[in-house]
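These are the residues of each chain, in order.
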Amino acid sequence: MTDGDDTMHHHLLIAEFLATPWALMPERLNAVAAVLARWSQDVPAGDDVLAGIAADRAVREARRQAANAVSSDGIAVLPLYGVVTQRGNMVDDVSGPGSVSTQQFASALRQALADDSVSQILIDIDSPGGSVYGVSELADEIAGAKSQKPVVAIANSLAASAAYWIGCSASEFYVTPGGEVGSIGVWQAHFDYSQAFAAEGIQPTLISAGKYKVEGNPYVPLDEEAQGFMQSRVDDYYASFTKAVARGRGVPIGQVREGMGQGRVLGADAAQAQGMVDGVATFGEVVRKMRRDAKSIARPKASRLAYAQRAIEIL
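What counts, and at which threshold
- Residues numbered from 1 in each chain as written.
- Predicted model: local features only at pLDDT ≥ 70, side-chain atom pairs only at ≥ 80, totals over all residues.
- Heavy atoms only, no water.
- Core = buried A, V, L, I, M, F, W, Y, C linked by side-chain atoms within 4.5 Å.
- Buried < 20%, exposed > 50% of the residue type's maximum accessible area, 1.4 Å probe, protein only.
- Contact = heavy atoms within 4.5 Å.
- Helix = DSSP H or I, 4+ residues; strand = E, 2+ residues; numbered from the N terminus.
- Polar contact = N/O pair within 3.5 Å; in protein donor to acceptor, adjacent residues only side chain to side chain.
- Pairing = 2+ DSSP bridges.
- Arc of directions from axis to C-beta.
- Phe/Tyr/Trp six-rings, centres within 6.5 Å; stacked < 30°, edge-to-face > 60°.
- Salt bridge = Lys/Arg side-chain N within 4 Å of Asp/Glu carboxyl O.

Moving on, we get to the nonpolar core. Grouped together as the largest cluster of nonpolar side chains are 50 residues, with contacts concentrated most on Leu-80, Tyr-164, Phe-173 and Val-181. Apart from the residues lying within four places of it in its own chain, the contact partners of Val-181 are Ala-155, Ala-159, Tyr-164, Phe-173, Val-175, Arg-264, Val-265, Leu-266, Ala-271, Met-276 and Val-277. Core analysis: the second largest hydrophobic core is formed by eleven residues, Val-152, Ala-281, Val-286 and Val-287 among them.

Quick look at the structure:
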């Protein structure tokens, strides 16, 4: 890819970022915003940033391999690590947790459901959240999947915003003792580059058709009408988010909105006290519980088969 192609790619990602409502921890969104600011000025990443990205990528890959090694005895471990996006990897060159595609995760979920050797599914979550696009659909798919096979989720050690939305759709939801869950909320960013551009002698001209086509663009201050529309979009997604949490946790929607951190992440014990998870446990403890559950289900089934066989012999 040429430098010109890189610049075009970066500007397209900036446009997508600005148009996207996020269910993401604010501090993580700030990190992404810093990278986008660098892109907007066509400033390349330094060697230290590139080294950090490579190191983070190696850690994520090692963790995925470790999760795959645990997949046995009928348990399929599905990793959900990094910033949640619908399709692409727009944050892969940001030092940190990388990204995970809801579409790719849904495909892995379907494969596990179709695999006769898989009796239970464990979603291993370590994510600060991400874009709201595709999250509701994935949460609905998980809710449907648990009617076919048990689907357990664990915050190991973070399930915030969009990641919590996904996790609470599972049959059971756990958090590690040192983990955090929550950040139930949605937000959208607007960046006003007008003064910075003026200082650089840059004056963008937008050519558009459609009354609101360039509404909320970053080259002018945000006006009241545009801000009101952006707020309405955030409110709509928040309504969907809190409704999904209420359904997944089996509580009234008012309990979600008036408790459960109200946009904050909570530690393990506080989250359990608020009914946000089913328990506090390590990854290994959850796996062992799932194996015990599988055996307890298998024993009555075997007993029923033996009883039926004896009845046939008597007849």
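On to the environment of Pro-218, then. In this structure, Pro-218 sits in the loop between helix 7 (194–199) and helix 8 (224–249). Residues Pro-218 and Ser-194, 24 residues apart in the sequence, show an inter-C-alpha distance of 7.3 Å.

By secondary structure assignment, the location of Ser-161 is in the loop between strand 7 (151–160) and helix 6 (162–167). Among the polar contacts listed, one links the side chain of Ser-161 to the backbone oxygen of Ser-183, at a separation of 2.7 Å. If near-sequence neighbours (up to four positions away) are discounted, Ser-161 is found in contact with Ala-23, Leu-24, Met-25, Pro-128, Gly-129, Gly-182, Ser-183, Gly-185 and Phe-241.

Buried residues dominate strand 5 (residues 120–127), accounting for seven of its eight residues. Sheet analysis places strand 2 (residues 75–81) next to strand 5, joined by seven bridges and oriented parallel. Bridge assignment links Pro-79 to a residue of strand 5, and that residue is Asp-124. Taken together, the seven bridges between strand 5 and strand 7 define a ladder with parallel strand orientation. In the sheet register, Ser-127 faces strand 7, and the bridge partner there is Ala-159.

It is worth spelling out helix 5 (residues 135–145) at this point. Because the α-helix completes a turn every 3.6 residues, residues three or four places apart line up on one side. Listed as buried for helix 5 are Val-135, Leu-138, Ala-139, Ile-142 and Ala-145. Down the axis of helix 5, the buried set is contained in an arc of 120°. They therefore lie on one face.

This part covers unusual backbone geometry. With an omega of 20°, the peptide bond running from Asn-156 to Ser-157 counts as cis. The residue Ser-157 is located in strand 7 in this model. Positive phi values are uncommon outside glycine, yet Ser-161 reaches one of about 50°. For Ser-161, a relative accessible area of 1% gives the class buried. Unusually for a residue other than glycine, Gln-262 sits at a positive phi of about 50°. Summarising the element assignment, Gln-262 is placed in the loop between helix 9 (253–258) and strand 10 (265–267). Judged by relative accessible area, Gln-262 falls into the exposed class, the value being 56%.

This brings us to the packing of aromatic side chains. The geometry of an aromatic ring pair is captured by two quantities: the separation of the ring centres and the angle between the planes. Counted under the stated rule, the structure contains five aromatic pairs. Between Tyr-133 and Tyr-237 the ring centres are 6.4 Å apart and the planes differ by 70°, which places this aromatic pair in the edge-to-face class. Separated by 104 residues along the polypeptide, Tyr-133 in the loop between strand 6 (129–131) and helix 5 and Tyr-237 in helix 8 bring together distant segments of the chain. Through pairs of rings, three or more aromatic residues link up here, namely Tyr-193, Phe-197 and Tyr-219.

One can find Ser-117 in the loop between helix 4 (102–114) and strand 5. Along the chain, Ser-117 and Ala-76 lie 41 residues apart, while their C-alpha atoms are 9.2 Å from each other.

Within this structure, the stated rule accounts for five salt bridges. With a shortest N-O distance of 2.5 Å, Glu-141 and Arg-110 are connected by a salt bridge. With Glu-141 in helix 5 and Arg-110 in helix 4, this residue pair connects regions lying 31 residues apart in the sequence. Glu-141 sits in the partly exposed class, given a relative accessible area of 25%. With relative accessibility at 45%, the residue Arg-110 sits in the partly exposed group. Note that Lys-289 is salt-bridged to Glu-172, the shortest N-O span being 3.2 Å. Within this pair, whereas Lys-289 is found in helix 11 (residues 283–314), its partner Glu-172 is found in strand 8 (residues 172–175), the two being separated by 117 residues in sequence. The network of salt bridges with shared partners includes Glu-172, Lys-289 and Asp-293.

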